[in-house]
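Coordinate inspection notes
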Amino acid sequence: MLYRTAGQYKTSYEADQALFPVRQDAILLMVVLALAYVIFPLTASEFTFQTLLIPILIYSLAAMGLNILTGYAGQLSLGTAAFMGVGAYACYKMITLMPWMNPVIAILLSGVFSAGVGVAFGIPSLRIKGFYLAIATLAAQFFLIWLFEKWAWLYNYNASGAIQVPNLDILGVYVTGPLASSVTQYYVVLVIVTLLTLLCINLTRGTLGRTWKATRDMDIAAELIGINLMKSKLTAFAVSSYIVGVAGALFVFQWRGAAEPNLFEIGLSFEVLFIAIIGGLGSILGNYLGAILIVGLPVVLNIVGEIELHDVSLAVWVIIALVLGGLFAAAVSLRSKGTMIGVAVVTLLLVGYAFAQSRGFELHSAMIEHLNIMIVGSLIVFFLIIEPHGLARLWALIREKLIIWPFPH
Amino acid sequence: MTQNQGYTTADGRQIGGTVMEMKNITLKFGGVTAISDISFDIHEGEIRAIIGPNGAGKSSMLNVISGFYTPTEGEVWYQGAKRPLMRPYEVARQGVARTFQNIALFEGMSVLDNIMTGRLTKMNASILSQAIWLGRARAEEMANREKVERVIDFLEIQSIRKTPVGRLPYGLKKRVELARALAAEPSILLLDEPMAGMNVEEKEDMSRFILDVNDEFGTTICLIEHDMGVVMDLSDRVVVMDYGKKIGDGTPTEVRNNQAVIDAYLGVA
Ligand SMILES: Nc1ncnc2c1ncn2[C@@H]1O[C@H](COP(=O)(O)OP(=O)(O)OP(=O)(O)O)[C@@H](O)[C@H]1O
Ligand SMILES: [Mg+2]
């Protein structure tokens with residue numbers, strides 16, 4: 001009923017290949033864009049900007065970059081954080097060498113440098129695959145971090161070895177540095193992320209996207225039908241590293257405000273990889289879903305930790321029960337094993353926690369940190385086993401069922 | 001019959017001159033000689049079959065033609081010139097398309113996208129134009145989609161256009177693989193056991209498609225097949241291989257009456 005496609009006939013290939021062949025998708029997107037561009041900026045607190053909105057967008061972008069390489073072109077990489085670092089340092093050098101430069105242009109150009117470095121470190125992919133390639137990208141990870149530490153020119157010989165983002169303005173409005181407001185920083189990130197998402201959607205649905213997917217699915221057959229594997233892999237490294245580099249520049253310039261080499265350690269590479277896996281490899285939407293989950297989870301856990309459950313009113317419990325029950329019923333009717341297990345686990349955790357709290361148990365912030373790691377860990381295992389295509393696949397399933405609902409054949 | 005001239009088939013079709021010629025091909029894998037000193041030619045517009053018992057070296061020969069294996073000795077001549085050492089993708093770009101004995105589709109993509117990959121060699125809009133999805137890239141996408149739709153109609157697979165290939169039954173996968181090869185509008189189409197594992201009805205469909213492709217587009221076809229009945233019906237000329245050697249070459253009737261062939265292959269079957 002929600003997704004009624006009847007009466008929406010396609011009359012040309014052009015229409016068939018439009019971004020949103022189903023009208024409801026377009027409406028949903030409009031709602032999301034309205035939220036992102038109007039509602040959130042009007043209502044969000046400083047805390048929400050800094051702990052949720054801005055990092056979610058930046059992590060989504062980084063994961064999207066990695067997804068191009070790993071999800072679409074099938075080339076595993078563990079060096080994402082280092083390529084983010086290349087973007088960040090390139091942006092810093094450009095802005096300090098050419099202070100007159102428009103900071104947004106500098107951020108967009110910084111990806112060019114990471115793309116170059118990415119292609120260089122992508123050359124082993126022409127010879128090796130899978131696990132071995134992952135190890136080769138580790139070399140990039142360690143080498144680049146070492147370079148960020150030892151090459152003093154990169155951080156302008158600061159005694160601290162760190163880079164500080166200067167205050168830079170466009171037409172009198174500060175967009176980077178301590179003087180920039182959160183709203184401005186958020187808008188800069190949002191516009192750049194929207195733009196690059198659009199480019200990624202276009203690239204992945206067209207010629208290049210097919211070239212990448214063919215390389216990923218069966219490289220021998222790809223070469224025999226006329227695909228130059230070298231070109232296919234290196235363009236994937238270039239495009240991916242460009243996006244990851246821009247994400248790195250945003251990470252430092254629009255969010256952290258300062259950076260030391262250890263900010264780009266391998267832990268960050270894994271974090272981005274987890275977002276891509278949980279969100280769904282080979283999906284654009286998934287990066288957003290994954291980032292919302294990974295960035296949002298610790299925030300939600302902290303809030304839950306502060307709530308005294310016995311103070312929660314009955315009405316709220318009823319609503320929670322209805323939502324969980326409804327989700328479970330939906331999961332059963334959609335035969336989505338993954339969602340069923342997910343809802344059941346959340347319910348159990350909630351009940352268990354309520355019980356424990358009534359016995360005097362308290363969630364300390366240190367415990368929340370561990371809990372966060374445990375949950376992310378189990379989610380990874382869960383998705384790898386039950387739903388390798390991640391949250392994006394779960395959404396696709398639900399959408400597919402909604403299209404034929406309530407008349408399944 | 002191996003001169004560079006055409007000939008007329010038993011059913012009256014006019015066949016052109018030599019388009020591809022294998023000259024003294026030998027292929028060794030370490031100690032194993034998969035092909036030893038084989039020569040044969042393929043004429044423009046004909047359906048050429050390669051037959052032989054298991055392990056005879058048929059697939060290896062197809063792999064040599066499509067550039068996947070480099071022969072240890074011998075030369076491949078294509079369109080009147082000796083083919084230099086090439087990567088397989090370069091051979092494909094010269095108009096050689098193929099299907100595989102063990103289906104090699106891109107499992108993570110839809111039927112339509114799989115067939116569209118057949119046209120990648122014809123698409124060359126710049127990355128930038130693809131990224132903004134305007135001008136060249138868009139026009140190219142639509143023009144090629146139209147060609148692909150013609151192949152889809154031709155092979156009667158309209159209804160599975162948007163299905164992920166992973167969900168298709170075996171027989172349809174074979175057909176989609178043929179579609180992908182046809183989408184490339186090849187001058188030579190190589191088919192490695194296009195009917196293996198199919199039921200009678202599917203085999204009949206596939207035979208019809210192969211004949212139609214040859215008939216309507218004039219595509220030169222070189223196919224490997226085990227089913228003797230099919231080979232006799234489809235092909236204009238047959239190469240018979242056994243243990244890496246050529247033991248027969250000629251029209252189906254000639255081959256069927258060749259004593260060496262009867263001993264090695266037909267007698268066993
Ligand atoms: N890549 C390879 N490495 C080593 N040996 C190979 C390789 N490819 C083929 N061979 C060997 O070459 C010989 C010919 O194999 P080929 O696959 O060409 O036979 P075929 O005629 O296609 O057989 P079938 O009817 O079973 O498909 C076999 O002995 C096979 O083991
Ligand atoms: Mg074979």
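Residues numbered from 1 in each chain as written. Chains lettered and ligands numbered in written order. Predicted model: local features only at pLDDT ≥ 70, side-chain atom pairs only at ≥ 80, totals over all residues. Heavy atoms only, no water.

For chain B, the count of helices and strands is 10 helices and 12 strands. Taking 18 Å as the expected radius of gyration for a compact globule of 269 residues, we find that chain B reaches 19 Å, a close match to that expectation. Taken over the C-alpha atoms alone, chain B extends approximately 65 × 40 × 40 Å along its principal axes. Evaluated residue by residue, chain B yields a buried proportion of 55% over its 269 residues. In chain B, the share of contacts with a sequence separation of at least 24, taken over all contacts with a separation of at least 6, comes to 66%. Accessible surface for chain B amounts to roughly 11,500 Å². Of this, 49% is attributable to carbon and sulfur atoms. Charge separation in chain B, taken as the distance between the mean sites of 30 positive and 36 negative side-chain charges, equals 6 Å. (Helix = DSSP H or I, 4+ residues; strand = E, 2+ residues; numbered from the N terminus. Rg over C-alpha atoms; globule rule 2.2 N^0.38 Å. Buried < 20%, exposed > 50% of the residue type's maximum accessible area, 1.4 Å probe, protein only. Contact = heavy atoms within 4.5 Å. Areas by Shrake-Rupley, 256 points an atom, 1.4 Å probe, with all protein chains shown as cover. Lys, Arg positive; Asp, Glu negative; His and termini not counted. Charge placed at Lys NZ, Arg CZ, Asp CG, Glu CD.)

Time to look at empty space enclosed by the protein. If a probe as big as a water molecule is rolled over the atoms, it shows which places are left empty. Throughout the structure, instances matching the rule amount to 4 cavities of 30 Å³ or more. Taken as a whole, the largest cavity spans an internal volume of roughly 90 Å³. Around the largest cavity, the lining residues are Leu224 and Ile225 of chain A together with Ala92, Val96, Ala97, Arg98, Gly118, Thr121, Glu177, Arg180, Ala181 and Ala184 of chain B. When contributions to the lining of the largest cavity are tallied by element, the ones reaching two or more residues are strand E8 (96-98) and helix H6 (170-183) of chain B. (1 Å grid on protein atoms, 1.4 Å probe; cavity = no way out; pocket = protein on both sides within 12 Å on 5 of 7 lines; lining within 4 Å. Points joined across faces, edges and corners; volume = space filled by probe spheres on them.)

Residues and elements named next belong to chain B. Counting buried positions over the 6 residues of strand E11 (residues 237-242) gives 6, a clear majority of the element. Residues Arg237, Val239 and Met241 point to one face of E11 and Val238, Val240 and Asp242 to the other, with burial holding for every one of them. With 5 bridges joining them, E11 and strand E12 (residues 245-250) adopt antiparallel strand pairing. Looking at the pairing, Asp242 lines up with Lys245 of E12. The turn linking E11 back onto E12 is made up of 2 residues, and Tyr243 within it adopts a positive phi angle of 45 degrees. (Pairing = 2+ DSSP bridges.)

Let's shift gears to a nonpolar patch on the surface. The grouping of Ile27, Val31, Leu35, Val38, Ile39, Phe40 and Leu42 of chain A at the surface amounts to a nonpolar patch, some 610 Å² of accessible area in total. Within the secondary structure layout, Val31 of chain A lies in helix H2 (residues 23-43). (Patch = residues over 30% accessible without salt bridge, like charges linked within 9 Å, V, L, I, M, F, W, Y side chains within 5 Å. Salt bridge = Lys/Arg side-chain N within 4 Å of Asp/Glu carboxyl O.)

This part takes up the packing of helix H3 (residues 46-72) of chain A against helix H11 (residues 266-279) of chain A. Two quantities define a packed helix pair, namely the angle between the helix axes and the distance between the axes. Residues and elements named next belong to chain A. Between H3 and H11, the least distance of the axes is 9 Å, while the angle of their chain directions is 80 degrees. The angle between the axes of H3 and H11 places the two elements in the roughly perpendicular class. For the pair formed by H3 and H11, the contact residues are Tyr59, Ala62, Ala63, Leu66 and Asn67 on the first element and Leu268, Glu271, Val272, Leu273, Ile275 and Ala276 on the second. Classifying every residue of the contact of H3 with H11 gives 9 nonpolar, 1 polar and 1 charged. (Axes fitted to C-alpha atoms, helices over the stretch in contact; angles between N-to-C directions. Parallel < 35°, antiparallel > 145°, perpendicular 65-115°, else oblique. Nonpolar A, V, L, I, M, F, W, Y, C, P; charged D, E, K, R; others polar.)

Taken residue by residue, the interface counts 37 residues in chain B and 32 residues in chain A. A buried area of about 3,100 Å², summed over both sides, lies between chain B and chain A, and 60% of it is on carbon and sulfur atoms. Inspection of the chain B/chain A interface yields 3 salt bridges. The partner of Arg210 of chain A in a salt bridge is Glu141 of chain B, and the shortest N-O contact between them spans 2.5 Å. The tally of links from chain B across to chain A stands at 9 residue pairs in polar contact (both at pLDDT 80 or more). Going through the elements one at a time, helix H2 (88-93), helix H3 (111-117), helix H4 (127-132) and helix H5 (135-154) of chain B are the ones with two or more residues in the side of chain B that touches chain A. Per-class residue counts for the side of chain B that touches chain A are 18 nonpolar, 5 polar and 14 charged. (Buried area = accessible area lost by both parts, 1.4 Å probe. Polar contact = N/O pair within 3.5 Å; in protein donor to acceptor, adjacent residues only side chain to side chain.)

Of all hydrophobic cores here, the largest spans 97 residues; its most connected members are Leu250, Phe251, Val252 and Phe264 of chain A. For this core, the leading source of residues is H3 of chain A, giving 15 residues. When residues no more than four places from it in sequence are discounted, the contact partners of Phe251 of chain A are Ile58, Tyr59, Met84, Arg256, Leu263, Phe264 and Leu268 of chain A. Judged by nonpolar contacts, the second largest core, of 46 residues, contains Met123, Ile157, Met228 and Val238 of chain B. (Core = buried A, V, L, I, M, F, W, Y, C linked by side-chain atoms within 4.5 Å.)

To continue, consider the domain arrangement of chain B. Residues and elements named next belong to chain B. Looking at the assigned domains, one finds that chain B contains domain 1 (1-95 + 186-269) and domain 2 (107-184). The distance between the C-alpha centroids of domain 1 and domain 2 comes to 27 Å. Counting each side, the surface lost to burial between domain 1 and domain 2 is near 1,300 Å², with a carbon and sulfur contribution of 71%. For the domain 1 face of the interface with domain 2, the top three residues by lost area are Arg93, Pro186 and Phe209, together amounting to 36%. (Domains from an automatic or database assignment.)

Considering all chains together, one arrives at 19 aromatic pairs over all chains under this definition. Taking 6.0 Å as the distance between ring centres and 70 degrees as the angle between the ring planes, the aromatic pair formed by Phe148 of chain A and Phe264 of chain A counts as edge-to-face. Placement of Phe148 of chain A in helix H6 (residues 130-150) and of Phe264 of chain A in the loop between strand E4 (258-259) and H11 is noted, with a sequence separation of 116 residues between them. One exposure class covers both Phe148 of chain A and Phe264 of chain A, and it is buried. An aromatic cluster is built from Tyr37, Phe49, Tyr186 and Tyr187 of chain A, whose rings are joined through pairwise contacts. The ring of Trp153 of chain A carries the charged tip of Lys93 of chain A above its face, separated from the ring centre by 3.9 Å. Positioned above the aromatic ring of Trp133 of chain B, the side-chain terminus of Arg205 of chain A is 3.9 Å from the ring centre. (Phe/Tyr/Trp six-rings, centres within 6.5 Å; stacked < 30°, edge-to-face > 60°. Lys NZ or Arg CZ within 6 Å of the ring centre and 35° of its normal.)

To continue, consider the side chain of Glu46 of chain B. Residue and element names in this part refer to chain B. Note on placement: Glu46 falls in the loop between strand E4 (32-43) and strand E5 (47-51). Assessed through its relative accessible area of 0%, Glu46 is described here as buried. Within the structure, the side chain of Glu46 is placed 2.7 Å from the backbone nitrogen of His43, a separation counted as a polar contact. Excluding anything up to four places from it in sequence, Glu46 contacts Tyr7, Ile15, Asp41, Asn214, Thr219, Thr220, Ile221, Asp236 and Arg237.

Let us look at the coordination of the magnesium ion (ligand 2). Protein-derived ligands of the magnesium ion (ligand 2) are Ser59 of chain B (OG) and Gln101 of chain B (OE1), with the metal-ligand distances lying across 1.9 to 2.1 Å. Of this pair, Ser59 of chain B sits in helix H1 (residues 58-65) while Gln101 of chain B sits in the loop between E8 and H3, and the two are 42 residues apart along the sequence. (Donors = N, O, S within 2.8 Å, 3.2 Å for Na, K, Ca; no water.)

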